[in-house]
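Given next are the chains, with one letter for each unit.
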Amino acid sequence: MLTVKSLLRFGNLQLPVQRMCPAVFSKKSLLPGHTCSAPWSAGLSAVCCHILPVRTLSEVLTRPGLRTSLHVWTSSGLRTPSGVWTPSGLRTLSGPCTSSGVRRLSSGGGGGGGGGDGAGEAGWYNNLSDSAPVHLCEHFLVSMQQVNGLPWWLSIIMSTLCVRTLITLPLAAYQMVIIAKVEALQVEISGLAKRLRYEVSVCARERGWTEKQSRFQFQKNLRRIVSKLYVRDNCHPFKASLLVWVQLPLWISLSLALRNLSLDQSVQSNMKAGGILWFSDLTLPDSTWILPVCLGLTNLLVVEVFSLQRVNPSRVQKFVTNSIRAFSVLMIPIAASVPSSMALYWFSSSLVGFSHNLLLRSPAIHRILKLKSQRSESPYRDLLSAFVSKYCK
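In every chain, residue numbers begin from 1 and rise along the written sequence. Local features are withheld for residues below a pLDDT of 70 in this predicted model, meaning they are given only at 70 or higher, and side-chain atom pairs are given and counted only at 80 or more; totals for whole chains, interfaces and linings count all residues. Side-chain metrics rest on all non-hydrogen atoms present in the structure, leaving aside hydrogens and water.

### Considering the overall build of the protein chain
So, step 1. For the protein chain, the helix and strand inventory stands at 12 helices and six strands.
So, step 2. The buried share of the protein chain, taken over its 393 residues, is 34%.
So, step 3. Here a residue-residue contact requires only that any non-hydrogen atoms of the pair lie within 4.5 Å. Here the analysis covers contacts within the protein chain between residues at least 6 apart in sequence; of these, 58% occur between residues at least 24 apart.
So, step 4. Every accessible area reported is derived by Shrake-Rupley at a probe size of 1.4 Å, with residue values counting cover from the shown protein chains alone. As displayed, the protein chain has an accessible area near 24,300 Å², and 64% of this comes from carbon and sulfur atoms. The helix count covers DSSP runs of H or I at least four residues long, the strand count covers runs of E at least two residues long, and both are numbered beginning at the N terminus. Categorising residues by exposure relies on relative accessible area from a 1.4 Å probe, with only protein chains included: less than 20% of the type maximum marks a residue as buried, more than 50% marks it as exposed, and the intermediate range marks it as partly exposed.

The following block contains the structure:
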């Protein structure tokens, strides 16, 4: 362990090294720049000092150690400009760890500097793009293109249509069934809540409960009753969020798969010539911003259609709707900075999702799903009139 105890003079640093002195052991003459304060008979306990040339830009003396021109402290050793501590000596710019306690910058160990955070961020992103679901999506996209023999731009659209129709559309229909059952229970829950409030008020008078205790007993029993109703009708609201838990990871996996394919040398040549119109190269971003703008407008259209379904939205629903609107606008510059294959997938996915949303509004679909809630017999006309009255007047 090196301890800085001397002054910095004329670019030379005198460091007492607590180890065996070679000059004492071998009884040889001293080397230039070597001083030994211990007698020749001191043996292994001798303490020798070496004058080590240390090039600095300023001669600053500090209390616990030496501070160089880059303002780094030395306590139990020397700290290099990278900001990494070495417990056993001096870390230099390159090379392996030496036997004299001098550690090199390229070797590991020590506390992290500013580069550790960037490496960590790159690490989790690389792990995500190299995960099994992403590779599975890559194989799916390549197999679809090889089977249908279509150009890549059309194959991406067809793959998106298949995934959204076979996976997310049934989940969206299941979500509608759950929501319809929950809405049908609201009338029954309202009646039970009135009866429970009366019973709690009677018990409060008999047992002398305070208002806080009465409120606690009412909420506790109401939650128990509502949970029993959800179990009875098999319509817990958490099941309605199943679509999100499946669609979001699938969207991320397919997006990263297209990014990996755009960088893969074996597929990159085909994707370079697999575009159409203004995005002929699917490995490059859309410089015209046509796809990103179309993506943002489609997402905003989907958000507005959903918002028109709510007559009296709550504050939470308004906050969620505005957040999705902001995210839709933010997706425009993001889509302009990624390969055109990803932007095309996002745009086609939004279009397919919008068409599925319109399809699930059909009265025929409601009869097939046996939805109990009251629905309009002309949903498309009502939607158009609501959209015109809200935005065109």
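So that's the structure; there's more coming.
### Let's talk about helix α7 (residues 265-272)
So, step 1. For α7, the complete set of buried residues consists of V267, Q268 and M271. Projected down its long axis, α7 carries its buried residues within an arc of 115°, all on one side. Relative to its buried face, α7 has exposed residues pointing more than 90 degrees away, namely Q265 and S266.
So, step 2. On its buried face, α7 is in contact with α4 (152-207), α6 (242-263) and α10 (340-359). It is the directions from the helix axis to the C-beta atoms that the arc portrays.

### Describing the packing of aromatic side chains
So, step 1. Stacked, edge-to-face and tilted labels apply to pairs of Phe, Tyr and Trp rings (six-membered ring for Trp) whose centres lie within 6.5 Å, assigned for plane angles under 30 degrees, over 60, and everything in between, in that order. Summed over the entire model, instances satisfying the criterion amount to two aromatic pairs.
So, step 2. When the ring of W251 is compared with that of W346, the centres are 5.2 Å apart and the planes differ by 25°; the resulting orientation is stacked. Separated by 95 residues along the polypeptide, W251 in helix α6 and W346 in helix α10 bring together distant segments of the chain.
So, step 3. Taking relative accessible area as the criterion, W251 reaches 26% and is therefore assigned partly exposed.
So, step 4. Consider the rings of W278 and F279, whose centres lie 5.1 Å apart with planes at 75°: the pair is edge-to-face.
So, step 5. For F279, a relative accessible area of 6% gives the class buried.

### Details of unusual backbone geometry
So, step 1. The phi torsion at L277 lies on the positive side, around 55°, for a residue other than glycine.
So, step 2. Tracing the backbone through its elements, the reader meets L277 in the loop between α7 and α8 (290-308).
So, step 3. In this structure, W289 takes a positive phi of about 65° despite not being glycine.
So, step 4. Looking at the element boundaries, W289 is found in the loop between α7 and α8.
So, step 5. Residue classification places W289 among the partly exposed positions, given a relative accessible area of 40%.

### Some words on the nonpolar core
Soluble, globular proteins show a tendency: their nonpolar side chains are buried together.
So, step 1. Residues belong to one nonpolar core when they are buried, are Ala, Val, Leu, Ile, Met, Phe, Trp, Tyr or Cys, and are joined through side-chain atoms within 4.5 Å. Residues L141, W152, I156, L254 and W346 are the most contacted members of the largest nonpolar core, which totals 27 residues.
So, step 2. Contributions of two or more residues to this core are made by α3 (132-148), α4, α6, α7, α8, α9 (315-335) and α10.
So, step 3. In contact with L141, other than residues within four places in its own chain, are W152, S155, S159, L254, A257, L258 and L261.
So, step 4. The next biggest cluster of nonpolar side chains, apart from the first, holds 14 residues, and it includes I189, A193, L196 and Y230.

### With respect to a nonpolar patch on the surface
So, step 1. A cluster of nonpolar side chains, contributed by W124, L128, V244, L248 and I252, occupies part of the molecular surface with about 460 Å² of accessible area.
So, step 2. Elements with a minimum of two residues in the nonpolar patch: α2 (115-129) and α6.
So, step 3. No other element matches α6, which puts three residues into the nonpolar patch.
So, step 4. Assessed through its relative accessible area of 47%, L248 is described here as partly exposed. Residues forming no salt bridge and having over 30% relative accessible area are the ones grouped into patches, like charges within 9 Å of each other and nonpolar side chains (Val, Leu, Ile, Met, Phe, Trp, Tyr) within 5 Å. The salt bridge definition used is simple: a Lys or Arg side-chain nitrogen within 4 Å of an Asp or Glu carboxyl oxygen.

### A few points about the packing of α6 against α7
So, step 1. For helices, the fitted axis covers only the stretch in contact; all axes are lines through C-alpha atoms, and the angles between them, taken along N-to-C directions, range from 0 to 180 degrees. Packing of α6 against α7 brings their axes to within 6 Å, and their N-to-C directions diverge by 95°. Judged by the angle between their axes, α6 and α7 are roughly perpendicular. Listed contacts from α7 to L261, S262 and L263 of α6 are Q265, V267, Q268 and M271.
So, step 2. Each residue is assigned to one of three groups, with Ala, Val, Leu, Ile, Met, Phe, Trp, Tyr, Cys and Pro labelled nonpolar, Asp, Glu, Lys and Arg labelled charged, and all others, Gly among them, labelled polar. Residue composition of the contact of α6 with α7, by class: four nonpolar, three polar and no charged. Relative orientations are named as follows: roughly parallel for angles under 35 degrees, roughly antiparallel for angles over 145 degrees, roughly perpendicular for angles from 65 to 115 degrees, and oblique for any other angle.

### Focus on the side chain of S348
So, step 1. Within the fold, S348 resides in helix α10.
So, step 2. Aside from chain neighbours lying at most four places away, what touches S348 is I157 and T160.

### Description of the pattern of salt bridges
So, step 1. Per the counting criterion, the structure on display carries six salt bridges.
So, step 2. K272 serves as the salt-bridge partner of D281, at 3.8 Å between the closest nitrogen and oxygen.
So, step 3. Exposure remark for D281: the relative accessible area of 17% places this residue in the buried category.
So, step 4. The salt bridge involving E304 is made with R325; its shortest N-O contact spans 2.8 Å. Taken as a pair, E304 in helix α8 and R325 in helix α9 lie far apart in primary sequence, 21 residues in all.
So, step 5. A relative accessible area of 23% means that R325 is categorised as partly exposed.
So, step 6. In this structure, a network of salt bridges that share partners links the residues E188, R232 and D233.

### Observations regarding the packing of α8 against α9
So, step 1. Interaxial distance between α8 and α9 falls to 8 Å at its minimum, and their mutual angle equals 170°. When the axis of α8 is compared with that of α9, the two are roughly antiparallel. Listed contacts from α9 to P292, V293, L295, G296, N299, L300, V303, E304 and S307 of α8 are T321, I324, R325, S328, V329, M331, I332 and A335.
So, step 2. Grouping the amino acids of the contact of α8 with α9 by side-chain chemistry returns 10 nonpolar, five polar and two charged.

### A few points about a positive patch on the surface
So, step 1. Taken together, the side chains of K220, R223, R224 and K228 make up a positively charged region of the molecular surface.
So, step 2. Mapped onto the elements, R223 comes out in helix α5 (residues 211-233). His is not counted, nor are the chain ends; Lys and Arg add positive charge and Asp and Glu add negative charge. Where a charge sits is defined by one atom per residue type, namely NZ (Lys), CZ (Arg), CG (Asp) or CD (Glu).

### Looking at the side chain of E138
So, step 1. By the element assignment, E138 lies in helix α3.
So, step 2. With no salt bridge to any partner, buried E138 finds its closest opposite charge in R259, at an N-O distance of 7.8 Å.
So, step 3. E138 has contacts with A257, N260 and L261, leaving out every residue within four places of it along the chain.

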